[in-house]
Amino acid sequence: MGKIKSLRKKITLIYIGLVIIIAMVGLISALNVYNLGKSIDGLITDNYKSIDACKNMINCLESENRAIFKYIQGEKEHGLELFYKSNDEFYQWFHIEKNNITEDGERDGVDKINEEYVNFIKLFSQLQEYTSNHTEDEVKRFYEDVISDSIENIKSNLNNASKLNEKAMFDKKISTKLNAENSTKLICTVSLIAALLGLIIAIICTNKYLGPIHLLTNTIKSVKEGEINKQAPIIYNDEIGIVAKEFNNMTNRLYEFEKSSKGSLLAEKNKFMTIIKSISDPLMVLDGSFKIKFVNNSCETFLGLNEENIINKHFLQAINNGELYDHAFKIINRDLIDNGKFIEVVIGDKTYFFNVIVTSIKDKDQKGNGVIMLFRNVTELKQVEKIKTEFIGTISHELKTPLTSVMMGVGLMLDENLGTLNEKQNGVISTIKEDVQRLSELVSNLLKISKIQSDKAVFSRRKYNLNSLIEECIENNITVARNKNIILELNLNNIPRAIIDKEKMLWVLNNLLSNAIRYTDENGRIIIGSGIEKNNIKIYVEDTGRGIPENCLDRVFEKFFRVEEFDILPESTGLGLSIAKEIVEAHDGQIWCESILDKGSKFTFTIPIVENEISGFR
């Protein structure tokens, strides 16, 4: 244990020595900066105060000179007031200078200024007596011959005192500059010596005391690379030596364990890899930096990859799909549950569809250190869906013509163009008309869904302000709302334009508002509002109607879905919200519902803002 303590003491002594060197450099620097500060303070404060005082005394003399002119010209009372006021100011500045003497010869100059100024006051008193018994011309000559010379003498003495302080400031500036240069040289020299001394100590200590650490590090690297039976050299019986001994004991145990379990582990690994490789759906494993670590056979086949060429390359280097990368990054970065993302892959003349599921690989601390991407082949499902959509579109189109004929026939009978109907016949025909109208609306909605879902569906899009559409929607529905005494309230905010199909988006708004009116009792209230949420325009329709059960909120946008707890109105086809969802999602938006039973519902959808429109709304 003696050597262990000596190593600790040696390192401690090295630290103490370095601290002493740093303290010496700091102390020398602080002393030089302190002395330099004192020099600068004297340079700025003392001499500048004297120069300022002399300048102000000259200004007072000028003011007194003007006062004498006023006195001579007959403004005696005003002249005397100005003279004695300037006299008081002169003595204030004179006492500042008198109490701030810092240079050789400055006191004699101050005494001379005082003597000259006392004489000047006496001459002014003489001028006052001289005025009473002499003419104005004689008084002026007395001023020019006597008083003017006295003023010039005082100014000359004040200028001499100012120049004396200016010269002192200049000399101190040179002295301060020399002190600063010497201080800089001294600090640089001491710092250089301290740095060299610290470098020498560091090199010696590194070679002598830290050498065993490098040997131990190299041994650890060898073990990491697979040489489990590698032994670390033990040079000193100190802390590093104890670590090396314990490390050697650990490698011995690992080596023994590997000999006993390596075969079985390798077999299990090969079995696992064989299973993964044979999975029919493409599978890819990435590390935390999205570099590819593994792909199975299906992934190579369907995505046209070669495992040898893409291992340890970034995902985007192998699969040029930025949208899929952004989706995976968002899922991993926000720790979300992935519901999948559809991508289309063309191989030769055949098109495949995959639903990509992204899963995070987490360590024991629940920190993500990898990504699994499973490409589920849903090509057959897509084909079935396409056939279904085409079938519905075809059937709906074929039903449209006979339904139109039936509607015309029913209309003719109700208008009694084919003969008079009795009351019972009229009731039956009216019922037939209502059913045919509902069936016609259902067929129209099916055709609309088929058209939206079709790959050939064309949206006439342009920049448009949704607030204008909301106002148009209000005009379309205000009569129905007034018939039920329902208040329509607008809460429109200033929003930018979005790229939309005006006709289809107006249909969405009309559907949401007509549903709100339909399921809101009389004397209720409906709010239609707009605003900005992140990079999207948000539109909502909120009513005080019957509400929707919580367990049905996720299904209200499904085709033909009806809330079993409620009586559904005859005119409802169960397709309106489904169509609205298709239209909103075709605009890269989202739609959802919030509701509380017996209190009302709130339907909200978002539409992305045009990029060059968003800057003015931040």
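Let me begin by describing the structure that accompanies this report.

Conventions and cut-offs
Residues numbered from 1 in each chain as written. Predicted model: local features only at pLDDT ≥ 70, side-chain atom pairs only at ≥ 80, totals over all residues. Heavy atoms only, no water. Axes fitted to C-alpha atoms, helices over the stretch in contact; angles between N-to-C directions. Helix = DSSP H or I, 4+ residues; strand = E, 2+ residues; numbered from the N terminus. Left-handed = near helix turned anticlockwise from the far one by under 90°. Contact = heavy atoms within 4.5 Å. Nonpolar A, V, L, I, M, F, W, Y, C, P; charged D, E, K, R; others polar. Pairing = 2+ DSSP bridges. Buried < 20%, exposed > 50% of the residue type's maximum accessible area, 1.4 Å probe, protein only.

## As for the packing of helix H14 (residues 502-518) against helix H15 (residues 576-586)
As a packed pair, H14 and H15 sit with axes 10 Å apart at the nearest point and diverge in direction by 145°. Pair H14 / H15 crosses with left-handed handedness. Judged by residue contacts, Lys504, Met505, Trp507, Val508, Asn511, Leu512 and Asn515 of H14 engage Gly576, Leu577, Ile579, Ala580, Ile583 and Val584 from H15. Residue composition of the contact of H14 with H15, grouped by class: 9 nonpolar, 3 polar and 1 charged.

## What about the side chain of asparagine 87?
Structurally, the position occupied by asparagine 87 is in helix H2 (residues 76-98). Apart from residues lying up to four places away in sequence, asparagine 87 is in contact with Glu64, Tyr117 and Ile121.

## Quick notes on the sheet that holds strand S10 (residues 536-543)
The strand order across the open sheet built from 5 strands is S7-S9-S10-S12-S11, with neighbouring strands paired in mixed fashion. Unpaired on one side and paired on the other, strand S7 (487-491) and strand S11 (590-596) mark the two borders of the sheet. Pairs of neighbouring strands in the sheet enclose a mean axial angle of 15°, with direction left out of account. Inspection of the sheet shows S11 paired to strand S12 (residues 600-608) by 7 bridges, in the antiparallel sense.

## What to know about the pairing of strand S9 (residues 525-533)
Consecutive side chains along a regular strand alternate between the two faces of the sheet. Both S7 and S9 contribute to a ladder of 5 bridges, which runs parallel. Following the sheet pairing, isoleucine 487 is matched in S9 by arginine 525. Relative to S10, S9 is paired through 8 bridges, and the arrangement is antiparallel. Following the sheet pairing, isoleucine 527 is matched in S10 by glutamate 542.

## Examining the environment of leucine 374
Following the sequence through the fold, leucine 374 ends up in strand S5 (residues 368-377). Look at leucine 374 and you get partly exposed, because its relative accessible area is 27%. Placed 89 residues apart in sequence, leucine 374 and valine 285 show a C-alpha to C-alpha distance of 8.8 Å. Filtering out sequence-adjacent residues up to four positions away, leucine 374 remains in contact with Asp281, Pro282, Leu283, Asn355, Val356 and Ile357.

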